[in-house]
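Understanding the architecture of this molecule
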Amino acid sequence: MASRYDLIIVGTGFAGAFFLMRYLERAPATARVLVLERGARDPKPWQLEHRRSSSIDPAQVFHNKTPEKVWFTSPGFGGNSKCWMAGATRMMPGDFQLRTRYGVGIDWPMTYDDLEAHYCTAEQVMLISGPADSPMPRSKPFPLPPHRFSDPDALLKRHFPDGWYQMATARASVPTPTRGVCCATGYCELCPVDAKFTVQNGLAFIYEDPRVTLQLNSEVDGVVTAGGMAAGVSYRQDGRQQQADAELVVLGASAMFNPHIMLRSGMTHALLGKRLHEQLPIDVVLDLKGVKSYNGSTILTGLGYLFYEGEHRRDHAACMIETRNSPFGYFMGALRSEEGRWNERMIIRFLFDDLPRDDNTVTVSRDDPRMAEAYFAGYSDYAERGASLVPKMIDKLAEALPIERVVDSLRGQTSAHIQGTVVMGNDPATSIVDRHLIHHQYRNLLVLGASAFPTASPAYPSVTISALSLWAADHLFGAKA
Ligand SMILES: Cc1cc2nc3c(=O)[nH]c(=O)nc-3n(C[C@H](O)[C@H](O)[C@H](O)COP(=O)(O)OP(=O)(O)OC[C@H]3O[C@@H](n4cnc5c(N)ncnc54)[C@H](O)[C@@H]3O)c2cc1C
């Protein structure tokens, strides 16, 4: 007979962990929670020794039908928090209201103000470092002081005081009880000094709660439904097929695997698995005259909002700019060869929002249903129009920077953010989950994470994913009260 729980959560990344945290704060002492995670708990020493964040090869869990468009996923306890770059921006108020403000795209079914308090909580849990000034309204300061700019960032801030900011980042700028200070050596996906927030170092304690049973190596293959409700999930653990039942089922398996599980369960909706998207990244290397780079105190140091909010969004994508304070990683050879000028070079990423297309999809592989299959036809014309303006944007930056030449300007293979595929909205005909991430049809099924994002926003997604999980959990208890 299947075991019975109050709540089953699938996945231990940002989406599942922040939901569980808030649920445990509100739930009675008698609550029984089962968390199912497909991967193992790969400890940090193992990750460092093997130079990878997961013992599962991503090629074993999804098939990329369009390999020129890269998607990253890191299965296992903590999900992609193990390998994220820790850029921790909020979305801008306008990102939630593209249709109302600019006549394009889709409005999100909530506003920035609805999420603001949840943003603050997520930032507090992750101990985000960030500046005192901000391009968006904030009710609380960042928990930790900002990182030091690189010299080019400092020039940009001086020239564009309301357009350039220190990076909001989940890499500690000062020591915290659980994390060290960022060493800024550029080996950042695994963060050997554990300065970066991960579920493993920041939220592992919630999985020790006596109300919680965490089952690793448990791959969920379906939501079991009965009488128009979710009854539980089916899963494989150590090769054995099992089932667990619950009052409430929560999917937090990411925008790649939430639709995969739902499609395998026989769920149907015209949009299920569609609108897979992420930001369009353009990576630029600039040579500077007499200005030294790579001297900030973390890997991502600057955030540019010069081309983000504004009437241009009626015509083309908004852009957020990040500056990368290390020559390693994306650009091997990002050092100059001239004597004494090795670091008079700057690396910038321009990130453009996208209006998701129905022909970008996640489906179930016909050859092996255990594999998700990603297909990416392309970015929207809206995003492409924005990206075509990068040369003009560089001209604008040249007002503040002594740019000698543009060394490279390349389309990045990925911004490493998987979004869309189980979109939220108020109308069941045009969305799959409602504004509280509850499935329109199965009212005791929640589908968390960036799968719900109706549009891309140039911002990094994970703080918004976390805030949405807190918002969804709060609603659940508010609705019951
Ligand atoms: C290299 C890299 C850099 C990034 N940098 C940033 C950044 O700087 N800022 C930012 O905001 N975001 C960044 N991201 C994106 C960020 O990591 C994701 O937005 C975030 O992890 C999504 O959280 P999630 O909980 O929805 O999904 P995930 O973190 O992917 O977690 C999903 C969990 O579900 C589990 N799972 C999946 N399928 C099943 C199944 N069938 N059964 C059981 N369990 C399952 C997985 O193993 C995983 O633990 C980066 C990502 C990568 C890969």
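Since we're looking at a predicted model, the values are computed, not measured.

Now for the overall build of the protein chain. Scanning the protein chain from N- to C-terminus turns up 10 helices and 16 strands. The globule rule puts the C-alpha radius of gyration for 481 residues at 23 Å, and the 22 Å found for the protein chain is close to it. With the principal axes as the frame, the protein chain shows a C-alpha extent of 70 × 50 × 45 Å. Of all 481 residues assigned to the protein chain, the portion counted as buried reaches 62%. Partitioning the intrachain contacts of the protein chain with sequence separation of at least 6 by distance along the chain shows that 74% fall at a separation of at least 24. Summing over all exposed atoms, the protein chain offers an accessible surface of approximately 18100 Å²; the carbon and sulfur share of this is 52%.

Among the 33 residues in the neighbourhood of the ligand, the closest are listed as E37, N80, G87, V220 and S462. Taking E37, its side chain carries an N or O atom lying 2.6 Å from an oxygen atom of the ligand. P461 places a main-chain nitrogen or oxygen 3.4 Å from an oxygen atom of the ligand. For the ligand, whose unbound accessible area comes to 1000 Å², protein coverage reaches 96%. Contributions of two or more residues to the shell around the ligand are made by helix 1 (14–26), strand 6 (218–226), helix 7 (254–264) and helix 10 (462–480). Class assignment for the residues of the shell around the ligand results in 18 nonpolar, 12 polar and 3 charged.

This brings us to the nonpolar core. Judged by nonpolar contacts, the single largest core of 147 residues is most densely connected at F19, M126, F350 and F352. It is helix 10 that provides the largest number of residues to this core, a total of 10 residues. Not counting the four nearest positions on each side in its chain, F19 is found in contact with L7, I9, V250, L446, L448, S469, A472, A473 and L476.

Basis of the calculations
Residues numbered from 1 in each chain as written. Predicted model: local features only at pLDDT ≥ 70, side-chain atom pairs only at ≥ 80, totals over all residues. Heavy atoms only, no water. Helix = DSSP H or I, 4+ residues; strand = E, 2+ residues; numbered from the N terminus. Rg over C-alpha atoms; globule rule 2.2 N^0.38 Å. Buried < 20%, exposed > 50% of the residue type's maximum accessible area, 1.4 Å probe, protein only. Contact = heavy atoms within 4.5 Å. Areas by Shrake-Rupley, 256 points an atom, 1.4 Å probe, with all protein chains shown as cover. Near = heavy atom within 4 Å. Polar contact = N/O pair within 3.5 Å; in protein donor to acceptor, adjacent residues only side chain to side chain. Nonpolar A, V, L, I, M, F, W, Y, C, P; charged D, E, K, R; others polar. Core = buried A, V, L, I, M, F, W, Y, C linked by side-chain atoms within 4.5 Å.

Note that all results are geometric; they support no functional claim without further evidence.
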